[in-house]
Amino acid sequence: MAIHPTAIVAPGAQIDPSCEIGPYTVIGRMVKMGPRNVVGGHAVIDGDTTFGEANQVFPFASIGQIPQDLKFRGEHTRLGIGSRNRFREFCTVHLGTEGGGGLTRVGSDCLLMANCHVAHDVQLGDGCIVGYSTGLGGHVVVEDRVIFSGLCAVHQHVRLGRLAFVSGGAMVAMDVAPYCTVQGDRAQLAGLNATGLERAGYSAEQIARVKEAYRITFRSGLKLQEAIARMKAELGGHAEVDHFVGFVEKSERGLTR
């Protein structure tokens, strides 16, 4: 195991022998790391935090600290991190809270850029990019392959659907439906993330169905329940549309329009 002599690894921490720990890094006693994780200098990793494999934590990142929630009273909560993620400089990811399920989760293959913040009980999916100085409030749910540009902020309890795109500087206060692009303060709907769909390997037929679901929901003038019924009748049975409809049906905050 490559642990720099100035690093402090608390007794009880479970670190795979293939990991690398940089200078002046501090690792808490409940941290568990799988194979080939690399932690840069001056990083701090604490709490009941579990890493998969091949993650990279850059200098001065802070992972697994207690939440910035005044209701937190020191209860035992966790942070679960998948594999092949990159946590850039000064990134912060916090433990969960008892009131939010007790678990903050980061999936796999994500890039969390410098100065970004992932708050308590956030559920961050696979393949997401969280841009520079973006903040995700408590209890936010982010599905797979969502991209946040720089300087974004997301209100607590907001949900963002698969392959959504959040433009730079956006302040997101309502749910963002899958495949959609939003921008502005407060964020408004700006269209479909067609480029993201193409890059994700969606066929022309799938994209056409998504465009029709988008049109029915946001451009037809129908009430939401009427739009849902029409999508089920005309486009149901296709996975990309069924996912869109399921997300819309479960929205409690309301959709960004």
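Before reading on, note that the structure itself is shown above.
Residues numbered from 1 in each chain as written. Predicted model: local features only at pLDDT ≥ 70, side-chain atom pairs only at ≥ 80, totals over all residues. Heavy atoms only, no water.

Remarks on the packing of aromatic side chains
So, point 1. Overall, the coordinates contain five aromatic pairs when judged by the stated rule.
So, point 2. Look at Y179 and F244: their rings are 6.3 Å apart centre to centre, the planes differ by 10°, and that puts the pair in the stacked class. Residue Y179 is found in the loop between β26 (171–172) and β27 (180–183), and its partner F244 is found in helix α4 (residues 239–249); the two are separated by 65 residues along the sequence.
So, point 3. Residue F244 is classed as buried on the basis of its relative accessible area, which comes to 1%.
So, point 4. Among the aromatic residues, ring-to-ring pairing joins Y179, Y202 and F244 into one connected group.
So, point 5. Over the ring of F58 we find R88; its NZ or CZ atom is 3.8 Å from the centre of that ring.
So, point 6. Over the face of the ring belonging to F247 we find R159, whose NZ or CZ atom lies 3.9 Å from the ring centre. (Phe/Tyr/Trp six-rings, centres within 6.5 Å; stacked < 30°, edge-to-face > 60°. Helix = DSSP H or I, 4+ residues; strand = E, 2+ residues; numbered from the N terminus. Buried < 20%, exposed > 50% of the residue type's maximum accessible area, 1.4 Å probe, protein only. Lys NZ or Arg CZ within 6 Å of the ring centre and 35° of its normal.)

Here's the deal with the pairing of strand β28 (residues 188–192)
It is a general feature of regular strands that their side chains alternate between the two faces of the sheet.
So, point 1. Summarising the sheet, β27 and β28 pair through four bridges and their orientation is antiparallel. Among the inter-strand pairings, C180 is bridged to a residue of β28, identified as L192. (Pairing = 2+ DSSP bridges.)

Looking at a nonpolar patch on the surface
So, point 1. Residues M113, Y132 and L151 make up a contiguous nonpolar surface patch of about 290 Å² in total accessible area.
So, point 2. Structurally, L151 can be placed in the loop between β22 (147–148) and β23 (153–154). (Patch = residues over 30% accessible without salt bridge, like charges linked within 9 Å, V, L, I, M, F, W, Y side chains within 5 Å. Areas by Shrake-Rupley, 256 points an atom, 1.4 Å probe, with all protein chains shown as cover. Salt bridge = Lys/Arg side-chain N within 4 Å of Asp/Glu carboxyl O.)

As far as function goes, none of this settles anything; it's purely spatial.
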